[in-house]
Amino acid sequence: MDGDPVLAPEQEEAAYRPGYELVAEEILRLIVELRLEPGDRMPTEMQLASRLGTSRTVVREAVKILSAIGRVRAQKGRGLFVANDAGMLGASRWGSFFLPTDLEHVYQLFEFRRVQEVAASRLAATRATPADLRAIGAAAETCREGHLTGRPELFDRGDDEFHLSVAKASQNPFLVDAVREARRLQRQSSIIGLHGTVGGHAEEAVAEHSVLYQAIRDGDPEAAERAATVHLDKTLEDYRREIQRRVFG
């Protein structure tokens with residue numbers, strides 16, 4: 001092919017995705033296939049175009065996406081490299097195999113998120129300081145405002161701040177790093193597979209944040225565990241529906 005990959009006619013309307021997005025996914029698969037590690041040099045744009053059967057222009061657009069989400073690093077005059085997000089817990093290992101549109105990987109990521117965030121929520125219910133509670137409440141309000149005003153970027157910012165604030169309230173820096181890294185990978189699924197949108201769960205998410213915040217504020221670890229579990233399970237179901245609808249038609 002020379003440009004956007006061609007979809008079968010029956011798939012085009014339901015499952016259309018820009019060619020550069022499909023190529024971005026193929027580049028991620030190639031990184032896994034070649035067993036490239038963070039810091040390793042990748043094939044050139046021309047080599048990628050030839051190998052993937054597309055144009056160099058499409059490859060360049062795909063690389064821009066992968067650079068934006070921290071999977072590829074382009075160095076002027078040197079070429080392309082697998083990105084190395086130093087300081088991120090497990091980033092060098094997770095980023096080398098995680099495929100944003102692989103449903104099994106998304107399930108596993110949420111399984112991991114459930115373990116860490118349920119633990120963080122339980123600890124937050126017994127350890128949160130007044131400052132922690134203010135941060136969690138403010139993040140929940142930012143998320144709610146983003147939903148009510150139709151500003152997804154504000155909703156996403158509030159959502160990130162909410163989950164990180166809960167993790168910080170656990171007073172465990174390892175949980176904070178783990179939550180941050182898992183959410184970074186989740187954003188990759190959203191950007192590559194879902195075009196930055198996540199179904200119709202926003203309104204429910206706002207309510208679920210409120211329930212979790214209340215449980216932490218009340219110092220009730222069991223209620224915090226239940227609230228975190230419900231929230232993550234519903235979010236996973238939303239991702240599952242969106243990925244299947246957008247990627248598989």
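How each quantity is defined
- Residues numbered from 1 in each chain as written.
- Predicted model: local features only at pLDDT ≥ 70, side-chain atom pairs only at ≥ 80, totals over all residues.
- Heavy atoms only, no water.
- Pairing = 2+ DSSP bridges.
- Helix = DSSP H or I, 4+ residues; strand = E, 2+ residues; numbered from the N terminus.
- Contact = heavy atoms within 4.5 Å.
- Salt bridge = Lys/Arg side-chain N within 4 Å of Asp/Glu carboxyl O.
- Buried < 20%, exposed > 50% of the residue type's maximum accessible area, 1.4 Å probe, protein only.
- Arc of directions from axis to C-beta.
- Polar contact = N/O pair within 3.5 Å; in protein donor to acceptor, adjacent residues only side chain to side chain.
- Axes fitted to C-alpha atoms, helices over the stretch in contact; angles between N-to-C directions.
- Parallel < 35°, antiparallel > 145°, perpendicular 65-115°, else oblique.
- Left-handed = near helix turned anticlockwise from the far one by under 90°.
- Nonpolar A, V, L, I, M, F, W, Y, C, P; charged D, E, K, R; others polar.
- Core = buried A, V, L, I, M, F, W, Y, C linked by side-chain atoms within 4.5 Å.
- pLDDT = per-residue confidence, 0-100.

Things to note about the pairing of strand 1 (residues 72–75)
Across four bridges, the pairing between strand 1 and strand 2 (residues 79–82) is antiparallel. Bridging across to strand 2, Q75 finds its partner in G79. Remark: three residues form the turn of the hairpin made by strand 1 and strand 2, two consecutive strands paired antiparallel; G77 in that turn has positive phi of roughly 85°.

Section: the environment of S67
Among the secondary structure elements, S67 is positioned in helix 4 (residues 56–68). Counting along the chain gives 14 residues from S67 to F81, while the straight-line C-alpha distance between them is 9.9 Å. Once residues within four sequence positions are removed from consideration, S67 is found in contact with V72 and A74.

What about the pattern of salt bridges?
Tallied over the full model, the rule gives 18 salt bridges. A salt bridge links R122 to E225, with the nearest nitrogen and oxygen atoms 2.6 Å apart. With R122 in helix 6 (residues 103–127) and E225 in helix 11 (residues 221–247), this residue pair connects regions lying 103 residues apart in the sequence.

Details of helix 3 (residues 45–52)
Since one α-helical turn is 3.6 residues long, residues separated by three or four positions face the same way. All of the buried residues in helix 3 are E45, L48, A49 and L52. Within helix 3, the buried residues cover an arc of 100° as seen down the axis, which keeps them to one side. In helix 3, those exposed residues whose orientation departs by more than 90 degrees from the buried face are M46 and S50. On the buried face of helix 3, the contacting elements are helix 2 (19–33), helix 4 and strand 2. A positive backbone phi angle near 70° is found at G53, which sits one or two residues after helix 3.

Some remarks on the side chain of S55
Tracing the backbone shows S55 in the loop between helix 3 and helix 4. In this structure S55 comes out as buried when scored by relative accessible area, which is 15%. Among the polar contacts made by the side chain of S55, one reaches the main-chain amide nitrogen of V58 at a distance of 3.2 Å.

Structural notes on the packing of helix 7 (residues 130–148) against helix 8 (residues 152–169)
Contact geometry for helix 7 and helix 8: axes closest at 7 Å, N-to-C directions at 160°. Regarding the angle of helix 7 to helix 8, the classification is roughly antiparallel. For the crossing formed where helix 7 meets helix 8, the hand is left-handed. Together, D132, A135, I136, A139, A140, T142, C143, E145, G146 and H147 of helix 7 and L154, F155, R157, G158, D159, E161, F162, S165, V166 and A169 of helix 8 make up the contact between the two elements. Considered class by class, the residues forming the contact of helix 7 with helix 8 number 10 nonpolar, five polar and five charged.

A few points about the nonpolar core
By size, the foremost hydrophobic cluster in this structure holds 21 residues, and its most contacted members are V23, I27, I31, M42, L48, L66 and V72. Only helix 2, helix 3, helix 4 and strand 2 provide two or more residues apiece to this core. With six residues, the single largest contributor to this core is helix 2. Counting residues in each nonpolar core, the second largest holds 18 residues, with V118, A124, Y213 and A215 among its members.

Let's talk about the side chain of R113
Within the secondary structure, R113 is located in helix 6. For R113, a relative accessible area of 1% gives the class buried. Contacts of R113, omitting those with residues within four sequence positions, involve V118, H163, A182, R183, Q186 and L232.

Remarks on the confidence of the model for the chain
On average, residues of the chain carry a pLDDT of 81, and 79% of them reach 70 or more. Within the chain, helix 7 carries the highest mean pLDDT (95), whereas helix 1 (residues 9–15) carries the lowest (44). Ignoring residues within four places in sequence, the model shows residues 86–92, a span with pLDDT below 50, making 14 contacts including any to other chains. pLDDT under 50 marks residues 194–199. Its contacts with residues more than four places away, or in other chains, come to 21 contacts.

Some thoughts on the environment of D40
Structurally, D40 can be placed in the loop between helix 2 and helix 3. Residue classification places D40 among the partly exposed residues on the basis of a relative accessible area of 28%. Taking the C-alpha atoms as reference, D40 lies 8.6 Å from L80; in sequence the two are 40 residues apart. Setting aside its immediate chain neighbours within four residues, D40 contacts R35, L80, F81 and V82.

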